[in-house]
Amino acid sequence: MSHHLALAYTSEDQNIAYAIERELRGQLQFEHFSVDQANEGPILTDLLSENYRNSGSILLLISDSFVRNPNAMLHALRLLQMGDQVLPIVIDGEQYDPVTGKTQLVSTKIERQADIMKYVGYWQTRYLDLRRQAKSLSEEAGPDFDNYYRKIREISGQVNDFLHQLKTDSWRRSMAELKIDNYRQLFIFLDKEEQWQSFKLETEPAVAVPPAPEVPPVATTPPIPDPIPEEVAEEAEPLLDLSQTDLPPPSGEPLPESLGAVAPSPASSNEDHELEQAVSWIQRAWQMAENGDADAGVALLESGREALPEQRDLHYHLALMLAIERNDQAGARRELEELLSQAPDHLDALFLNGELYEANQEYEAALDQWEQLAEINADYADLSYRIGDLLFSYFPDRQYDAASYLKQAIKADPKATDARFHYALLCINALDKPERAIKELRVVVEQQPQHAAAHFQLAEQLRKANQLDLARAAYLRARELDTTYATDSNEQAFNQQQNQHAAELEAQRAAFEATLKELHTQVEELHSSLNADQESLQQVQADLQQLYQNSQTGQGQLALISGATSGIGRATAIRLAAAGYRLILTGRRQERLAELAAELAEEYDTTTQLLQFDVRDREAVAAAINSLETDWQPIDLLINNAGKAKGFDPIHEGNLDHWDEMIDTNLKGLLYLSRAVSPGMVKREQGMIINVCSTAGKEVYPNGNVYCATKHAVDALTHSMRLDLVEHGVRVGQICPAHVEETEFALVRFDGDAERAQIYQGFQPLTSPDVADAIYFMASQPAHVNILDMVLQGKQQASSTMIHRSGREEE
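Residues numbered from 1 in each chain as written. Predicted model: local features only at pLDDT ≥ 70, side-chain atom pairs only at ≥ 80, totals over all residues. Heavy atoms only, no water.

Got a minute to help me understand the packing of aromatic side chains in this structure?
Pairs of aromatic rings are described using the distance from one ring centre to the other and the angle between the two planes. The final tally for this structure, using the stated rule, is 11 aromatic pairs. A centroid spacing of 3.6 Å and a plane angle of 10° characterise the contact between Tyr363 and Tyr394, whose relative ring orientation is stacked. On the criterion of sequence distance, the pair formed by Tyr363 in helix α17 (residues 363-376) and Tyr394 in helix α18 (residues 383-394) is long-range, its members being 31 residues apart. Residue Tyr394 is classed as partly exposed on the basis of its relative accessible area of 40%. In this structure an aromatic cluster arises from ring pairing among Phe456, Tyr475, Tyr485 and Phe494. Its end group placed over the ring of Trp632, Arg582 keeps NZ or CZ at 4.7 Å from the ring centre. (Phe/Tyr/Trp six-rings, centres within 6.5 Å; stacked < 30°, edge-to-face > 60°. Helix = DSSP H or I, 4+ residues; strand = E, 2+ residues; numbered from the N terminus. Buried < 20%, exposed > 50% of the residue type's maximum accessible area, 1.4 Å probe, protein only. Lys NZ or Arg CZ within 6 Å of the ring centre and 35° of its normal.)

Teacher, can you tell me more about the pattern of salt bridges here?
Opposite charge on two side chains lets them pair, provided their charged atoms get close. Summed over the entire model, instances satisfying the criterion amount to 23 salt bridges. Across the pair Glu440 and Arg436 runs a salt bridge whose closest N-O atoms are separated by 2.8 Å. Pair noted here: Glu440 and Arg436 are both in helix α21 (residues 434-447), with a separation of four residues, about one helical turn. Since its relative accessible area comes to 3%, Glu440 is described here as buried. Sharing partners across several salt bridges, the network here consists of Arg305, Glu306 and Glu335. (Salt bridge = Lys/Arg side-chain N within 4 Å of Asp/Glu carboxyl O.)

Help me out: how do you make sense of the side chain of Arg386 in this one?
Structurally, Arg386 is set in helix α18. Looking at Arg386, its side chain comes within polar contact range of the side chain of Glu358, at 2.8 Å. Setting aside anything within four residues of it in sequence, one finds Arg386 in contact with Phe351, Glu355, Glu358 and Trp370. (Polar contact = N/O pair within 3.5 Å; in protein donor to acceptor, adjacent residues only side chain to side chain. Contact = heavy atoms within 4.5 Å.)

Would you take a moment to explain the sheet that holds strand β8 (residues 558-561) for this structure?
By way of backbone hydrogen bonds, the strands of a sheet pair with one another, either parallel or antiparallel. Overall, parallel pairing links the seven strands, which are arranged β10-β9-β8-β11-β12-β13-β16 in an open sheet. Looking along the sheet, the strands with just one partner apiece sit at the ends: β10 (608-612) and β16 (789-792). Averaged over all pairs of adjacent strands, the angle between strand axes in this sheet comes to 15°, irrespective of strand direction. In the sheet, strand β13 (residues 731-737) pairs with β16 via four bridges, with the strands oriented parallel. The residue of β16 that forms the bridge with Pro737 is Leu792. Its contacts with the sheet put helix α27 (residues 590-604) on β9 (582-587) and β10, and the angle it makes with β10 is roughly 175°. Packing against the sheet, helix α29 (residues 656-684) makes contact with β8, β11 (637-640) and β12 (688-692), and its axis sits at approximately 175° to β11. (Pairing = 2+ DSSP bridges. Axes fitted to C-alpha atoms, helices over the stretch in contact; angles between N-to-C directions.)

Quick question: what am I supposed to make of the packing of α17 against α18 here?
The axes of two packed helices give the description: the angle between them and the distance between them. In the contact formed by α17 and α18, the axes pass within 10 Å of each other and the chain directions differ by 150°. Classified by the interaxial angle, the pair formed by α17 and α18 is roughly antiparallel. In this structure, α17 crosses over α18, and the sense of that crossing is left-handed. Mapping the contact onto sequence places Tyr363, Ala366, Leu367, Trp370, Glu371, Leu373 and Ala374 in α17 and Leu383, Arg386, Ile387, Leu390, Leu391 and Tyr394 in α18. (Parallel < 35°, antiparallel > 145°, perpendicular 65-115°, else oblique. Left-handed = near helix turned anticlockwise from the far one by under 90°.)

Sorry, what's going on with the nonpolar core here?
Nonpolar side chains tend to gather and get buried jointly when the protein is soluble and globular. Counting 121 residues, the largest nonpolar core has Leu60, Phe162 and Leu163 as the members making the most contacts within it. Once residues lying within four places of it in the same chain are set aside, the contact partners of Leu60 are Ala8, Leu44, Phe66, Leu79, Leu80, Val86, Leu87, Pro88 and Ile89. Core analysis: the second largest hydrophobic core is formed by 31 residues, Ala573, Ala577, Ile690 and Ile787 among them. (Core = buried A, V, L, I, M, F, W, Y, C linked by side-chain atoms within 4.5 Å.)

How should I be thinking about the pairing of β13 in this particular structure?
Sheet faces and side chains relate simply in a regular strand, where the side chains alternate between the two faces. Within β13, seven of the seven residues are buried, which leaves the element mostly enclosed by the surrounding structure. Pairing analysis gives five bridges linking β12 to β13, with the strands arranged parallel. Among the inter-strand pairings, Asn691 is bridged to a residue of β13, identified as Gln734. Taken together, β12, helix α30 (residues 705-725) and β13 constitute a β-α-β crossover, and its handedness is right-handed. (Right-handed = clockwise from strand over helix to strand, strands pointing away.)

Explanation requested: the packing of helix α26 (residues 567-578) against helix α32 (residues 768-779) in the structure shown.
Across the interface, α26 lies against α32 with an axial gap of 8 Å and an inter-helix angle of 55°. Here α26 lies oblique to α32, going by the angle between them. Helix-helix and strand crossings are classified by hand; for α26 and α32 the assignment is right-handed. Contacts between α26 and α32 involve Gly567, Ile568, Ala571, Thr572, Arg575 and Leu576 from the former and Ser768, Pro769, Val771, Ala772, Asp773, Ile775 and Tyr776 from the latter. Looking at the contact of α26 with α32 residue by residue, the classes come out as eight nonpolar, three polar and two charged. (Nonpolar A, V, L, I, M, F, W, Y, C, P; charged D, E, K, R; others polar.)

The values reported here are purely geometric and, on their own, carry no functional implication.
In structure tokens:
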């Protein structure tokens, strides 16, 4: 009989978690609980508390990614306090390397005090960085920042206790220890050793491995208490339990001689004990500063520095506190210079010293400090951007170096908007790469829509590239965000370009009219000179007629488009209007129909008839078609475009209203409209029907159940309609696009949830004009040619679920 077990881990380690499940399939039933690093994401202890708080066993996979993940580490100490309900397993985790594009194993060690201090220092640094940001903000940071700040502060105070308890936990095992005796220790933990015996027989190797010694169980501690409400967490849980630390007094008085007399535990060296003590002093000093007593914090760090001169971080944090809390840059610099004279490779000290030099406008010295740091650790957080920005701003003779550093910063963090913007400016001025600048600026305004300077620079580059309409739009956006861009010279430049563009279009139109007039004149001359040769005259007229038809292939044709108010329907209406068609436009939103009709009339002089109805309403469809006047009844082309997807749920959780809406629109609506229009085509023995299907009619994908079913039905119906209408001279075909942008498809599917509708990020899908061009191609074939089925996908999409999200534009 299998045992139910929670498997808890971070999302980076899911491959390892599922490998464990596969190896133990049939023996244990696992329920997976994982978290990522998103600030708004769930907390692992909260997920486990719902089902495993007072009962059930938990297998906790602890990796380097786990210890660095705030959603895993918040309240993680409570998990270890659950005693023999939790089995912690230390694993070598998986980590994606953006440089190589591969996943690699990262070793996780919790054996020595130095291992623990590495992670304590990591969280302390994150906390201090956030504290520094909070002080630099001139206004309220907002609830998201405040919540994240409280989360990191709480973890920085608890990580030391968590790792110490993990290190001494008698149940703790490594992955190698679990596997060496074929998971025997796991079955002992679950009190299922008899079950292990049968499991062993199934998997026992040819040469038996001696079993590992059994580990005695430890006493169970009380269950996790109720989570403390976030609004009182700050008061209820201090950064450190000061009653449990051997710390000097906060007043700045000299340290007592007995300060270092606390003997290290047998498992720790004196060096480890000093390191742990230094971290405790640093934590308490920063808590003093946060509570408004920065002088006491400085005094404590000064005393600690004298007592433990080998602990360099005491020097560093003293300098940091002088700079942040007292604004004493000179004092901070003195501390840093002394520290760097003793430890020239202290990474944090080099970075902070560079910041202080930069703040004092000593840019050469700042650059020297940061370049030293880059030689030691080029991947130091934010270093590439800071060097690149410094070179960009103050070293005009090193702009190529600035570009190199900024590219490294962008590669390390694709959302580093400032680095990308400065790199774009370098592409404009120093590197002479205007096309790359446009690409980078487009990413900047996509990531930060309020970046007025980026919009303006993009406008300038687009204007120089003669993309005048786009340049004008970017300039108007920059002007809207920052009125200082609304200068006379800018207005003249961009208006002049717009007027020049309009003049060019007018000149092209006049040239076309002149050519056409000349052709008519030639026809008249030929008619008078070749009056005796009627056959030659008829041939010339036929050539001219063909020339005219090539430019207006839809002249005299009448097309009906359903769902014309947005997306593919709207784009198809514009494409057919440009080809000279008369159009019957249908949809549910009268205002949009009217706007589209006005646009087509102004741009293409198109005559339109508007029919407002919902294709799901059978009577409304019939009434609308029957209401057409005589000259609007002979419909040559019917485009069944109206359709939608609603919801994205597995079949057992589907919304029945969503199902009805998709079936009624995608299938019944198409049938109602085809039934109303096709009799006229049969009577005239000509016409064409194009059904807008989808690649969902060719393949299915998870959670697409009913939508895929309706599109498969459209695929079958298209084939069937062709069989029924072929004898009457009516052509029937369909088009099956994959992901299409510039539509309301995703927004409708997710009931207006704009965040969930962001399904096109990271790749270039089809656009609605792409599909419209394909529909026009099908419709414009000679009368004897019928394109039965056309399937379209963007080149980065191989199937409904296989998309290569390598970016919008390739290098």
